[in-house]
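Secondary and tertiary structure notes
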Amino acid sequence: MSRVIVVTSGKGGVGKTTTTANLGMALAQRGRKVVVVDADFGLRNLDLLLGLENRIVYTAVEVLAGECRLEQALVKDKRQSRLALLPAAQNRTKDAVSPDQMKQVVSALAKAYDYVLVDSPAGIEMGFQNAIAAAQEALIVTTPEIAAVRDADRVVGLLEANNVKKIRLIVNRLKPAMVQVNDMMSVQDVQEILAIPLIGIIPDDERVIVSTNRGEPLVLSETPSTAGTAFSNIARRLEGETVEFLDLTPNNGSVFSRIRRFFSTKIL
């Protein structure tokens with residue numbers, strides 16, 4: 001049975017699209033048929049992160065308008081034949097599509113694919129309502145910053161109100177050295193606020209920027225990276241595997257940072 005999963009957060013810039021691209025590719029590498037849906041009408045980016053921007057002919061809007069068949073709008077990835085993209089229209093606003101129309105498209109995709117991953121736009125307006133319309137599950141992506149976590153908390157409430165009950169957490173761009181000296185929220189801090197199960201921790205990694213600019217998801221890289229491994233592990237957990245979280249503890253904290261942690265602990 002197909003699984004429809006929305007990747008969302010509330011706040012912009014926390015890594016939803018990067019997460020969608022990498023999870024889509026990782027699941028396809030595992031032999032699943034996957035379609036990623038860009039629900040960010042007007043500001044599409046998922047095609048860029050997958051390196052498929054030059055192959056788009058039709059979008060979801062043309063499908064809904066009856067100007068093309070759904071199969072014509074789907075862009076197949078040449079590197080991974082099991083992965084396809086349904087792009088958003090760049091020249092339309094977010095209210096060009098209704099939640100009922102999104103349900104219609106996603107239901108059609110669910111008949112042909114094992115996973116339908118919907119990349120949600122920032123905010124909680126019409127674009128968000130479209131993205132969650134057909135979702136059965138949700139992945140909340142947040143960075144360990146109070147503004148992002150607060151927005152994520154609001155989104156959790158909205159998802160539950162819309163009967164999306166299976167919600168899991170991905171903490172993105174974690175900087176363990178900053179956490180260690182109490183300059184960044186820890187994963188446990190985020191979990192305590194959001195009170196949803198954790199499915200992944202993605203460390204801050206400069207190679208994410210490189211992969212984005214090249215249109216090559218990190219999970220495709222021949223040179224292993226911690227972030228790429230973390231994305232692959234999330235895909236494995238989605239499949240029901242029990243996978244230990246990566247040890248992201250810094251190995252070489254300075255004497256001064258250790259002293260600072262000692263006194264911080266004593267004060268608390």
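Residues numbered from 1 in each chain as written. Predicted model: local features only at pLDDT ≥ 70, side-chain atom pairs only at ≥ 80, totals over all residues. Heavy atoms only, no water.

Considering the nonpolar core
Put simply, the test is: Throughout this description, the term nonpolar core refers to a set of buried Ala, Val, Leu, Ile, Met, Phe, Trp, Tyr and Cys residues connected via side-chain atoms within 4.5 Å. Each residue is assigned to one of three classes by its accessible area relative to the maximum for its type, calculated with a 1.4 Å probe on protein chains only: buried under 20%, partly exposed between the two thresholds, exposed over 50%. By definition, any uninterrupted DSSP run of H or I lasting at least four residues is a helix, any uninterrupted run of E lasting at least two residues is a strand, and each is numbered from the N terminus.
One finds Leu 86, Leu 109, Ile 140 and Leu 159 to be the most contacted residues of the largest nonpolar core, which totals 51 residues. Ranked by the residues each element gives to this core, the list is headed by helix 7 (residues 146-161), at 6 residues. In this structure, Ile 5, Val 36, Leu 83 and Ala 235 belong to the second largest nonpolar core, which totals 36 residues.

Re the sheet that holds strand 2 (residues 34-38)
In any sheet, the strands associate via hydrogen bonds between backbone groups, in a parallel or an antiparallel arrangement. The condition is simple: Being paired, for any two strands, means DSSP has found at least two bridges between them. Here a residue-residue contact requires only that any non-hydrogen atoms of the pair lie within 4.5 Å. Axes here refer to lines fitted to C-alpha atoms; in helices the fit is confined to the stretch in contact. Angles between the N-to-C directions go from 0 to 180 degrees.
With mixed pairing, the 8 strands of this open sheet are ordered in space as 3-4-2-5-1-6-7-8. This sheet does not close on itself; its edge strands, each paired only once, are strand 3 (75-76) and strand 8 (198-203). Summarising the sheet, strand 1 (residues 3-8) and strand 5 (residues 115-119) pair through 5 bridges and their orientation is parallel. Bridge pairing links Ile 5 to Leu 117 in strand 5. Helix 5 (residues 99-110) rests against strand 1, strand 2, strand 4 (83-86) and strand 5 of the sheet, and its axis sits at about 150 degrees to strand 5. Each of strand 1, strand 5, strand 6 (137-142), strand 7 (166-174) and strand 8 is contacted by helix 11 (residues 226-238), which is oriented at about 170 degrees to strand 8, the strand it contacts most.

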